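As a plain string of letters, each chain reads:
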2 protein chains.
Amino acid sequence: MSENRPGPVVDTSASRHARLRPVAPRDVRITDDFWAPRLRRNREVTIPAQHAQCETTGALRNFQRAAGSVGGDFSGRYYSDSDVYKWIEAASWSLATDPSPELTDRLDSVIKLVAGAQDDDGYLNTYFSVDRVGERWTDLVVRHEMYCIGHLVAAAVAHVRATGQTALLDVALRACTHIAERFAPGEVPGTCGHPGLEMALVELYRTTGDERWLTLAAWQLDSRGAGVLDGSEYLIDHEPVRKQSRVTGHAVRALYLYAGMADVVLETGDEELRTALEQLWADLSGGKTAVTGGVGARWDGEAFGDAYELPDRAYNETCAAIAHIFLAWRMLLLTGEPEYRDVVETALHNGVLPGLSQSGTEFFYQNPLADAGRHRREEWFSCACCPPNIARLLASLPGYLYTTSDEGLWVQLYIGNEADLRLADGTPVHVDLATELPWEGTVRLTVTPEAPTEFTLFLPVPGWAGADVSVKVNGEPVTVATDAARVALPRTWAPGDTVELTFGTEVRALAAHPRVAAAHHRVALARGPLVYCVEQADQGDTPVADIRLTGAEPWTAEHRPELLGGVTTLTAEASALGADDGPLYRPFHNGPVAVAKAQVTAIPYYAWANREPGAMRVFIPLAAR
Amino acid sequence: MSENRPGPVVDTSASRHARLRPVAPRDVRITDDFWAPRLRRNREVTIPAQHAQCETTGALRNFQRAAGSVGGDFSGRYYSDSDVYKWIEAASWSLATDPSPELTDRLDSVIKLVAGAQDDDGYLNTYFSVDRVGERWTDLVVRHEMYCIGHLVAAAVAHVRATGQTALLDVALRACTHIAERFAPGEVPGTCGHPGLEMALVELYRTTGDERWLTLAAWQLDSRGAGVLDGSEYLIDHEPVRKQSRVTGHAVRALYLYAGMADVVLETGDEELRTALEQLWADLSGGKTAVTGGVGARWDGEAFGDAYELPDRAYNETCAAIAHIFLAWRMLLLTGEPEYRDVVETALHNGVLPGLSQSGTEFFYQNPLADAGRHRREEWFSCACCPPNIARLLASLPGYLYTTSDEGLWVQLYIGNEADLRLADGTPVHVDLATELPWEGTVRLTVTPEAPTEFTLFLPVPGWAGADVSVKVNGEPVTVATDAARVALPRTWAPGDTVELTFGTEVRALAAHPRVAAAHHRVALARGPLVYCVEQADQGDTPVADIRLTGAEPWTAEHRPELLGGVTTLTAEASALGADDGPLYRPFHNGPVAVAKAQVTAIPYYAWANREPGAMRVFIPLAAR
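Residues numbered from 1 in each chain as written. Chains lettered and ligands numbered in written order. Predicted model: local features only at pLDDT ≥ 70, side-chain atom pairs only at ≥ 80, totals over all residues. Heavy atoms only, no water.

Novice: So what exactly am I meant to see when it comes to the overall build of chain A here?
Specialist: Each helix and strand in chain A was counted, giving 13 helices and 23 strands. Relative to its length of 625 residues, chain A is compact, with a C-alpha radius of gyration of 24 Å against a globular reference of 25 Å. Taken along its principal axes, the extent of the C-alpha atoms in chain A is 75 × 65 × 50 Å. Taking all 625 residues of chain A together, the buried fraction comes to 64%. (Helix = DSSP H or I, 4+ residues; strand = E, 2+ residues; numbered from the N terminus. Rg over C-alpha atoms; globule rule 2.2 N^0.38 Å. Buried < 20%, exposed > 50% of the residue type's maximum accessible area, 1.4 Å probe, protein only.)

Novice: Is there a simple way to explain the relation of the copies chain A and chain B in this structure?
Specialist: Between the two copies of the chain lies a relationship made up of a rotation around an axis and a movement along it. Overlay of chain A on chain B (RMSD 0.0 Å): rotation 180°, translation along the axis 0.0 Å. Such a combination of turn and shift is consistent with a two-fold rotation axis. When the interface residues of chain A are mapped onto chain B, 100% of them again fall at the interface, so both copies present the same face. (Least-squares fit on C-alpha atoms with pLDDT ≥ 70 in both. Contact = heavy atoms within 4.5 Å.)

Novice: Before we go on, may I ask you to explain the interface of chain A and chain B in this structure?
Specialist: By a frequent convention, interface size equals the accessible area lost on bringing the separate parts together. Across the boundary between the two partners, chain A contributes 58 residues, which contact 58 residues of chain B. For the pair chain A and chain B, the two sides together bury roughly 4600 Å², of which 53% comes from carbon and sulfur. Inspection of the chain A/chain B interface yields ten salt bridges. Measuring nitrogen to oxygen at the nearest pair gives 3.9 Å for the salt bridge that ties Arg-374 of chain B to Asp-306 of chain A. Every element with two or more residues in the side of chain A that touches chain B is listed here: α10 (271-287), β14 (508-512), β15 (522-527), β20 (585-587) and β23 (619-621) of chain A. Sorting elements by how many residues they give to the side of chain A that touches chain B places β14 of chain A first, with four residues. When the residues that make up the side of chain A that touches chain B are grouped by side-chain class, the tally is 28 nonpolar, twelve polar and 18 charged. Where β20 of chain A meets strand β14 (residues 508-512) of chain B, three bridges bridge the pair, whose relative direction is antiparallel. Note that in β14 of chain B the partner of Arg-586 of chain A across the bridge is Ala-511 of chain B. (Buried area = accessible area lost by both parts, 1.4 Å probe. Salt bridge = Lys/Arg side-chain N within 4 Å of Asp/Glu carboxyl O. Nonpolar A, V, L, I, M, F, W, Y, C, P; charged D, E, K, R; others polar. Pairing = 2+ DSSP bridges.)

Novice: Looking at this structure, I do not really get the side chain of Asp-237 of chain B. What am I missing?
Specialist: All names here are of chain B. With respect to the helices, strands and loops of the structure, Asp-237 is situated in the loop between α8 (211-222) and α9 (251-268). Among buried Asp, Glu, Lys and Arg side chains, Asp-237 stands out as unpaired, with Arg-224 the closest opposite charge at 5.1 Å. A distance of 2.6 Å separates the side chain of Asp-237 from the backbone nitrogen of Gly-225, its partner in a polar contact. (Lys, Arg positive; Asp, Glu negative; His and termini not counted. Polar contact = N/O pair within 3.5 Å; in protein donor to acceptor, adjacent residues only side chain to side chain.)

Novice: Looking at this structure, I do not really get the pairing of β14 of chain B. What am I missing?
Specialist: Looking along a regular strand, one sees side chains alternate from face to face of the sheet. Residue and element names in this part refer to chain B. Burial analysis of β14 places four of its five residues in the buried class, the great majority of the element. Two elements, β14 and strand β15 (residues 522-527), share three bridges in a ladder whose sense is antiparallel. Opposite Arg-508, over in β15, you have Ala-526 as the bridge partner.

Novice: Any chance you could explain the domain arrangement of chain A here in plain terms?
Specialist: All names here are of chain A. Under the domain assignment, chain A is made up of domain 1 (21-400), domain 2 (404-503) and domain 3 (508-621). Computed from C-alpha coordinates alone, the two centres of domain 2 and domain 3 are separated by 36 Å. Buried surface at the junction of domain 2 and domain 3, summed over both partners, amounts to about 660 Å²; 65% is from carbon and sulfur atoms. Of all residues in domain 2, Pro-438, Trp-439 and Trp-464 bury the most surface against domain 3, accounting for 92% of the area lost on that side. For the pair domain 2 and domain 3, the interface holds one salt bridge. The partner of Arg-527 in a salt bridge is Glu-440, and the shortest N-O contact between them spans 3.5 Å. Linking domain 2 with domain 3 are one residue pair in polar contact (both at pLDDT 80 or more). Split by residue class, the side of domain 2 that touches domain 3 holds four nonpolar, no polar and one charged. (Domains from an automatic or database assignment.)

Novice: How should the state of the cysteines be read in this particular structure?
Specialist: Cysteine pairs can be linked by a disulfide, which is a covalent bond between their two sulfur atoms. For the coordinates displayed, the defined rule picks out zero disulfides over all chains. The closest cysteine sulfur to the non-disulfide-bonded Cys-533 of chain A is located on Cys-386 of chain A, 19 Å from its own sulfur. (Disulfide = S-S within 2.5 Å.)

Novice: What am I meant to see in the pairing of strand β5 (residues 408-411) of chain B here?
Specialist: Residue and element names in this part refer to chain B. By the bridge criterion, four bridges tie strand β4 (residues 402-405) to β5 in an arrangement that is antiparallel. Paired with Thr-403 across the bridge in β5 is Trp-410. Hairpin connection from β4 to β5: two residues lie between these consecutive antiparallel strands.

Novice: What is the right way to read the nonpolar core from this model?
Specialist: Nonpolar side chains in soluble globular proteins tend to end up buried together. In this structure, Ile-88 and Tyr-402 of chain A are the most contacted members of the largest nonpolar core, which totals 224 residues. For this core, the leading source of residues is helix α11 (residues 318-335) of chain A, giving 14 residues. Ranked by size, the runner-up nonpolar core spans 223 residues in total, among them Ala-90, Val-443, Val-461 and Val-544 of chain B. (Core = buried A, V, L, I, M, F, W, Y, C linked by side-chain atoms within 4.5 Å.)

Novice: Any chance you could explain the packing of α8 of chain B against α9 of chain B here in plain terms?
Specialist: In a pair of packed helices, the angle between the axes and the distance between the axes together describe the arrangement. All names here are of chain B. Close contact between α8 and α9 brings their axes to 10 Å; oriented N to C, the two are set at 135°. What the angle tells us is that α8 and α9 run oblique. At the point where α8 passes α9, the crossing takes the left-handed sense. For the pair formed by α8 and α9, the contact residues are Leu-214, Ala-217, Ala-218 and Leu-221 on the first element and Leu-257, Gly-260, Met-261, Val-264, Glu-267 and Thr-268 on the second. In the contact of α8 with α9, the residues fall into seven nonpolar, two polar and one charged. (Axes fitted to C-alpha atoms, helices over the stretch in contact; angles between N-to-C directions. Parallel < 35°, antiparallel > 145°, perpendicular 65-115°, else oblique. Left-handed = near helix turned anticlockwise from the far one by under 90°.)

Novice: Looking at this structure, I do not really get the environment of Asp-468 of chain B. What am I missing?
Specialist: Residues and elements named next belong to chain B. Note that Asp-468 resides in the loop between β9 (453-460) and β10 (469-473). Its relative accessible area of 42% is what places Asp-468 among the partly exposed residues. For the pair formed by Asp-468 and Val-480, sequence separation is twelve residues and the distance between their alpha carbons is 9.9 Å.

Novice: I keep staring at the sheet that holds strand β8 (residues 442-449) of chain A and nothing clicks. Help me out?
Specialist: In a beta sheet, neighbouring strands are held together by backbone hydrogen bonds and run either parallel or antiparallel to one another. Residues and elements named next belong to chain A. The strand order across the open sheet built from seven strands is β2-β6-β7-β8-β13-β10-β11, with neighbouring strands paired in antiparallel fashion. Both edges of this open sheet fall to β2 (28-30) and β11 (476-478), since each of them pairs with a single strand only. Across this sheet, the average inter-strand angle for adjacent strands is 20°, counted without regard to direction. In the sheet, strand β10 (residues 469-473) pairs with strand β13 (residues 497-503) via five bridges, with the strands oriented antiparallel. Counted as the bridge partner of Ser-470 is Thr-502 from β13.

Novice: Teacher, can you tell me more about the packing of α10 of chain A against α11 of chain A here?
Specialist: Residues and elements named next belong to chain A. Running from N to C, α10 and α11 point in directions that differ by 130°, and their axes come no closer than 12 Å. Taken together, the axes of α10 and α11 lie oblique to each other. The interaxial crossing formed by α10 with α11 has left-handed handedness. Residues Arg-274, Leu-277, Trp-281 and Leu-284 of α10 form the contact with α11, whose participating residues are His-324, Leu-327, Ala-328, Met-331, Leu-334 and Thr-335. Grouping the amino acids of the contact of α10 with α11 by side-chain chemistry returns seven nonpolar, two polar and one charged.

And the structure:
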């Protein structure tokens, strides 16, 4: 565990069962043309705008009210405290990489508000203050008291690791002490309708070294399935977590819960929990994940659907894609398996990024894979979980680029950056990674250890590149196995050694498993890490709904710096149906359908709905053959 | 208008702009093997069970509480009165065709409870009684005060027309007088977040001849789009109804509203309203109706989707299919156009009937077109709109079989029956209609006017029969135009004249409009008026999800009296995919997919989920070619 020094987002540096250890966001400076402007916008636009929203909605004022310094009614939902905590987390990680006296001042005053609202007994939830004190802990099913404390703890840990300051950590420790006494491990079952506290508690254990928080996290997990939450499948209380193998219920809740399970396994090595996690992951990745990495197909209940239920109008909550990243990241740290890295990359680019407008001020809550043109981003929501969740993830993104292990250094995300890292033995290594990804597939690394040092550099071969990869070390080609998902380069690395990787960025027409009825006889386009879509604004007079592909079109990729903040578009001569005035249902005719040639242009899915409203589609029908 | 004598469900006998006039349920005795047992079960099982539910849930007790005869809290939802009113309507129509002293007693005592709960000023809603009197009429958007009165009026009208008794009508008149004073036409805009009162008011006008109820109905329509309901599109308040052309918002609300519009047009001939109705119908039938006649695709908000948004997991609320029938029936009465009749037939067999279990005691609220096996009927719902809606529709079904006009007699639904009808000039005609529909396509009518009488017999050619129809009058073939949707037989009909119609019942593989992405490269099976599905219970080891068709399979129809209450199954040698352990997303290969032969059996969609839980699908993928 760390001694309150700047640290990583998920700190497995002392986790006995972790294969990998992330690096601190502060040690990585993202420098590329794609993510660096987005992180800047997050700092300069999104984080200030979200602070303003916390003021406008009364979420900040609720803390003053709980402290007794203002009167009036509580504002917002019973979990609105979590908006503020997520903002604190976002601001903290932002300060880790980009110090700002102004933001520091603002953050400190928000933390003061939070601290001021805490009761003497450690309890903290502004909804259950003033006029609702008597209702505390009376409804674990619906109210989100532990969930909110989970975000408080996550914020406090981020604040410590980003700034070294412990003011909020002290608040979080008092709140967790209150919970540990009220729902004592082994004595009083206690767990929340909305998980989230579990992973935060493990992180608190990692930060403080106090095992009671790990014990409490494990107790919260094992309190599930005992009826505390009415045995609700929706709340993932239908059976003990260690017996679960089917991903179900509310998507964000389920994946926050499983991320917490993974955290406990990283610390304890609990084999039963680990087996459950592997089965749950197989269920999730095998039939319940959208091509974008979005998860949670159903609008009713923001929930997982059945296996292969992956409709066009998927719900795919932005928070669920973030939860997907949280789970995949922990599974990656546990196993080192590259499939988890691929999920982080896919969900980041195609599940989370669409949640944010080009302006940085509007957000999607849901991310459907097709739309008629009425789904638009909004500035805020009455349930405002997604916007600050995006902000905190982006602010912490530098912490997701590398991991280390006893064997050496692992690149995880190919995002251009300069990093000052330390190997397991403490050797400092400067890394300079330059790439035009997600647009072009070349990556150039310069590795500069303090002195020549023997270690292995692990470089993932993304799933999207397949076998189309070449690697050179100091200009000399290296042979890569055709099915390798990772290149391991053991070597005595000398200052200035270079690695050049080139991944194929051919346009891929992706089909889904044949049981995905909603993708039957259709393809989705992808290039590099990006999933594409067709949006009406690019199709001229051809209605998006009438576009038909063969699946074998030769696509032309063209980078257009002026479009949508700079995107590579894909264009092909495809085809389109003519007008059809026939009835809605008609006898099937087993023959070719008349189509006309049509120029079709696809844009990255993340960029849709930033222009005039119009139809959009990811999975495009194939023409009848 | 009638003089409180037994009458039809929708009484257009004096409607100046009606082309057709329905007959009274009491005059038609359904005698076939398909519907007659269902109506008996409705009387003997469903209606008593629903009375028991109204007792168990406290819905009946709420009336005693409002009358002051019992204490305690209100039970259920703020619209639970409507459960009781729909039960009264169901019981009334049941008594119209099948007198029962026991049911009459029970009905009379329920009506006494209702009457006892009415305030001196005519107000009646048990939720807003005792402790909520001060909240009356404070929230037209959310609370359903007018909606509940609409069901009261519909029940009262049914009670009068079925039994001639006016006890409940007096209650309804007092309640409507209260509303007419509180929201006076031309003075105080008033309309309800949940429509329904509009069509009831027109029926009240038809029953009493008092024009103020027609005026009030029209005023409620024109109060929409004026901001009374916050301009909500979901509540169909976004623009004046006479300007609307796009079906949107909550499906049941929208179609109840439009049915009320049609009622007003039937009386007033309002051309602007009529044009709006035609445009709305075109939008509904052209892109927002499931192949089953179900409507309202979205689970979020029980709402219409965008055009062609017709997914597998459609919401298709049972009540929405009933509302669809209400609207189509009124459009049929207005225009005589056979397309509306087809919708009544389709929605009845495939949109409403699936809502009811084989036992008559369990109900579907949603009717998805595919399921993994977890969607099951339930005995009741906290929002219990659907069960008594099914019961009242079934009880009134005899009233949907015929209409008359100045030209003669129109058969509308081919359901076996004996009827004693009167032509426009009052001539009594006995009709005996025998058919094995929906299983076999032959229909035999015997027409017995009191004496030889000249009139036209109008016989629809259902959309499902297409050109495959033959007609004989007294054994002599009659030539039918190949595209006729109706056969008109002008003749001097003599007692005992016979007509024999034979409609083709070839199995139809139906494709959807190419813009229906969710049905792309798939077909639905239909035979006669029934839409079919494949359910796992019939497929042996072949998973439903793996079934593939060519669309040109020769299907074998076999009637199986022992199965599901007696159904005709469809069987064919089709094909099935093999196991696929590949990833969820993979490169598209433009070639044939390996399939193996598989015997596939389809059952009528209405019959699914009456056996062990298992996957079900209506639109079946076509094999790659």
